[in-house]
Amino acid sequence: MSFDAVDVSGKTGDRQCMDAAINQFKADEFEPAALAFFEMTQDPKMAGMTIEAEFWLGKSLYKLEFYNSSLGMFSKVL
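Residues numbered from 1 in each chain as written. Predicted model: local features only at pLDDT ≥ 70, side-chain atom pairs only at ≥ 80, totals over all residues. Heavy atoms only, no water.

Quick word on the overall build of the protein
(1) Moving on: Tallying secondary structure elements over the protein gives 4 helices and 0 strands in all.
(2) Moving on: Secondary structure elements of the protein occur, N-terminal to C-terminal, as α-α-α-α.
(3) Moving on: Expressed as a percentage of its 78 residues, the buried residues of the protein come to 29%.
(4) Moving on: If you take every contact in the protein between residues at least 6 apart in sequence, the share linking residues at least 24 apart comes to 35%.
(5) Moving on: Total accessible area computed for the protein in this model is approximately 5,600 Å², and 57% of it derives from carbon and sulfur atoms. (Helix = DSSP H or I, 4+ residues; strand = E, 2+ residues; numbered from the N terminus. Buried < 20%, exposed > 50% of the residue type's maximum accessible area, 1.4 Å probe, protein only. Contact = heavy atoms within 4.5 Å. Areas by Shrake-Rupley, 256 points an atom, 1.4 Å probe, with all protein chains shown as cover.)

What follows is the structure in structure tokens.
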């Protein structure tokens, strides 16, 4: 019998998804990060993290040189 590893860091699954996308952004993987942040903004289960996801989505879009879309995201956050 074997058991899978258990995360005991105290982070929720939502927070772990956000951290994974942020790590993609920090690794200059802007396109997959932007897609992950967008999916988070559309997921009703992640409603508590929507604003943070929109902020990071705006940063990702800026890095991808989608300046108008980036501005739209930052305006939405504000």
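Quick notes on helix 3 (residues 50-63)
(1) Moving on: With 14 residues, helix 3 extends 20 Å between its outermost C-alpha atoms, agreeing within 8% with the 20 Å of an ideal straight helix rising 1.5 Å per residue.
(2) Moving on: Elements in contact with the buried residues of helix 3: helix 1 (13-26), helix 2 (30-42) and helix 4 (67-77).
(3) Moving on: Glu 65 sits one or two residues past helix 3 and shows a positive phi near 70 degrees. (Expected span 1.5 Å × (residues − 1).)

A few points about the environment of Lys 45
(1) Moving on: Relative to the helices and strands, Lys 45 resides in the loop between helix 2 and helix 3.
(2) Moving on: Judged by its relative accessible area of 69%, Lys 45 is exposed.
(3) Moving on: For Lys 45 and Asp 14, which are 31 residues apart along the polypeptide, the C-alpha to C-alpha distance reads 8.4 Å.

As for the nonpolar core
(1) Moving on: Within the largest apolar cluster, 16 residues are counted, with the highest numbers of intra-cluster contacts made by Met 18, Ile 22, Phe 25, Phe 37, Met 40, Trp 56 and Leu 57.
(2) Moving on: Every element with two or more residues in this core is listed here: helix 1, helix 2 and helix 3.
(3) Moving on: Among the elements that line this core, the one with the most residues is helix 2, at 5 residues.
(4) Moving on: Once residues within four sequence positions are removed from consideration, Met 40 is found in contact with Cys 17, Met 18, Ala 21, Met 46 and Ala 53. (Core = buried A, V, L, I, M, F, W, Y, C linked by side-chain atoms within 4.5 Å.)

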